[in-house]
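Below, each chain spelled out in residue letters.
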Amino acid sequence: MDSPAVTHLFRQLFRHHPACQSRRNLATLATALRNVRRQRLQAQELQQHYQHCRAPRQQQQHQQQHRNYVARGRGGESSKNPHNESNWQQRSEVFQEDMSKEFESYPLVTADELRSRKERPRRVKMLMRDFVEDSLYNPNYGYFSKQVVIFSPGEPFNFPSLHDEIDFQTILSKRYVEFEDALDAVSPTDTRQLWYTPTELFRPYYGEAIARYLIANYKLTTFPYHDLIIYEMGAGRGTLMLNILDYIRDVDPAVYARTQYKIIEISTQLATIQNNHLLKNSHARGHAQKVEIINQSIFDWKTKVPSPCFFLAFEVFDNFAHDVVRYDMATEAPLQGTVLIDGKGDYYEFYSRNLDPVTARFFRVRDVATDGRYKVPYPTSRFGKWLSQQRPLPGNLSEQEYVPTRLMQFFDVLGKYFPAHRLLTSDFHWLPGAIKGLNAPIVQTRYQRRPVPVSTPLVHQGYFDIMFPTDFQTSEAMYQAITGKLTRSLSHEEFMRRWAYLEETETKSGENPLLTWYKNATVMFTV
């Protein structure tokens, strides 16, 4: 366990800012830092421009290094003992090193190759999607494997008895504190990663809305010739599963008799929680014969499922690994990002014109699926290009774009192994506080019950949530192109107005948190 080391890291992080009590304060601090960094970046671009003129040989290598974030140990102790993680400090943009030799000599590894490792890798390089996947899903130190605790509010909220939405927030905050107090009484920690989902907050009403959608569409399509087969990916504590099965059993016994529910869960920890949740009481145990929990990654799936089925993926896309690209401002050619980790655990970004096969295919599929109409992180009009060149020391590369290559591979799995599926998914089309770049993620952790946002995905693996928004316009087009199926998208509110019993979540004032929360979420489903 390296929790003491990480605890020391976060203590160093807050030592000079003891007054940071909220995310708003952290955002203010980040704004001030960005102003300083912008000035430093201008100086760095000037230096790079000078070096560019003196070293034309580097252009011929078609390899560009872009390193914004460096982790430094204090004094000489870090160089003596590079594995001493208690010396980690905040990353900064101050130091610049030429790591080209290391880039040439370090081996390229993938997240799959790192699954059996119990220690975070060093002296390696990997594509950004492999770095993100390793950070989130490594079985030994990944965020979802070791750090995550999902909040459960206890008894369902009685919304009609609440005065308004503020009353709901007050009670929710109280239960949130009580929940974590109970956890600290058993196992206290400063770095617990605690988060909640709409399934938990609006239990059982959220799950019952999904169940109504499933029953209606099942009866309209394959009933009574096929069973109702439901696959759920990323099921958390298994609450949605129980709410759906409870509702079907109570409302439509004929459909319940034909129902099969299968969870695909990459995290062994969460798979265990789901199984325990299923067996914890007699009411839930009644579903045991209906449920199968499959502890594996969907990307390792090799079994063809020819039967019609529904595939549920709620708040799953946001944690799919992405690749990062930047574009040559002169030619608009993409350069793919690679992360280098040196012997001290410092991170460096390199950009190469040689795209790996997965990213190259993503660009081809996206271009065909959207007919070339999609957002890019650089100006496309003649005036916009001219204006961008009028800035002092204009850069030769665009801002980062984070492309959902893993999402494309997920669509491949659905199309190949679940040819008769109907997808129902919900995720965030916009996220507040995202880092710089197009389709860029939120990167944050929790320390002493406070959110700590940072400005880069290159962070200590396993201790930070890396959460991406979904461009549903592009993703929907790619899904249609890969699977050959038609889809429709609705806002979270629109979907719930169709399928939820709104009087169950309406407060005395007429406010309805089920509708007003998650305004930044979109629901996409196969038609």
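Look a little higher up for the structure.
Fair warning: this is a prediction, and the values are worked out from it, not measured in the lab.

Basis of the calculations
Residues numbered from 1 in each chain as written. Predicted model: local features only at pLDDT ≥ 70, side-chain atom pairs only at ≥ 80, totals over all residues. Heavy atoms only, no water. Core = buried A, V, L, I, M, F, W, Y, C linked by side-chain atoms within 4.5 Å. Buried < 20%, exposed > 50% of the residue type's maximum accessible area, 1.4 Å probe, protein only. Helix = DSSP H or I, 4+ residues; strand = E, 2+ residues; numbered from the N terminus. Contact = heavy atoms within 4.5 Å. Phe/Tyr/Trp six-rings, centres within 6.5 Å; stacked < 30°, edge-to-face > 60°. Lys NZ or Arg CZ within 6 Å of the ring centre and 35° of its normal. Pairing = 2+ DSSP bridges. Axes fitted to C-alpha atoms, helices over the stretch in contact; angles between N-to-C directions. Polar contact = N/O pair within 3.5 Å; in protein donor to acceptor, adjacent residues only side chain to side chain.

## A few points about the nonpolar core
Then, number 1: Among the nonpolar cores identified, the biggest contains 56 residues, and Phe202, Ile210, Ile244, Tyr261, Leu312, Leu424 and Phe495 are the most heavily contacted of them.
Then, number 2: Looking at this core element by element, the count peaks at nine residues for helix H10 (residues 205-221).
Then, number 3: Not counting residues within four places of it along the chain, the set of residues in contact with Tyr261 comprises Ile230, Glu232, Leu240, Met241, Ile244, Leu245, Lys290, Val291, Glu292 and Leu312.
Then, number 4: By size, the runner-up hydrophobic cluster in this structure holds 33 residues, among which are Leu136, Phe144, Val339 and Phe464.

## Observations regarding helix H6 (residues 128-137)
Then, number 1: Within H6, ten of the ten residues are buried, leaving the element largely enclosed by the surrounding structure.
Then, number 2: All of the buried residues in H6 are Met128, Arg129, Asp130, Phe131, Val132, Glu133, Asp134, Ser135, Leu136 and Tyr137.

## Overview of the packing of aromatic side chains
Then, number 1: As enumerated under the stated definition, the model contains 41 aromatic pairs in all.
Then, number 2: Between the aromatic rings of Tyr327 and Phe363, the centroid separation amounts to 6.5 Å while the plane-to-plane angle is 85°, which identifies the pairing as edge-to-face. Placement of Tyr327 in strand E9 (residues 323-327) and of Phe363 in helix H15 (residues 357-370) is noted, with a sequence separation of 36 residues between them. Both residues of the pair, Tyr327 and Phe363, belong to the buried class.
Then, number 3: An angle of 50° between the planes, with centres 6.3 Å apart, marks the rings of Phe495 and Phe525 as tilted. Here Phe495 is found in helix H19 (residues 492-499), whereas its partner Phe525 is found in strand E18 (residues 521-526), with 30 residues between them in sequence.
Then, number 4: Here Phe495 falls in the buried class, since its relative accessible area comes to 1%.
Then, number 5: Note on Phe525: relative accessible area 9%, which makes it buried.
Then, number 6: Pairwise contacts between aromatic rings join Tyr231, Phe299, Trp301, Phe311, Phe317, Phe320, Phe410, Phe411, Phe418 and Tyr479 into one cluster.
Then, number 7: Stacked on the ring of Phe103, the Lys or Arg Lys125 has its end atom at 4.3 Å from the ring centre.
Then, number 8: Taking the ring centre of Tyr351 as reference, the NZ or CZ of Arg326 above it sits at 5.6 Å.

## Section: the sheet that holds strand E17 (residues 487-491)
Then, number 1: In space, the seven strands of this open sheet follow the order E7-E6-E5-E8-E13-E18-E17, with mixed pairing throughout. The strands lining the two open edges of the sheet, one partner per strand, are strand E7 (291-294) and E17. Strand-to-strand twist in this sheet, taken as the mean axis angle between neighbours without regard to direction, amounts to 15°.
Then, number 2: Direction of pairing for strand E5 (residues 228-233) relative to strand E6 (residues 259-264): parallel, over a ladder of six bridges. Along E6, the bridge assignment pairs Glu232 with Ile263.
Then, number 3: Contacts between helix H17 (residues 405-417) and the sheet are confined to E5, strand E8 (309-314) and strand E13 (421-428), with E13 contributing the most and set at about 160° to the helix.
Then, number 4: Each of E13, E17 and E18 touches H19; the most contacted strand, E17, lies at about 95° to it.

## Digging into the environment of Ser381
Then, number 1: Mapped onto the secondary structure, Ser381 falls in the loop between H15 and helix H16 (382-388).
Then, number 2: The class for Ser381 is partly exposed, based on a relative accessible area of 40%.
Then, number 3: Polar side-chain contacts of Ser381 include one of 3.0 Å to the backbone nitrogen of Gly384.

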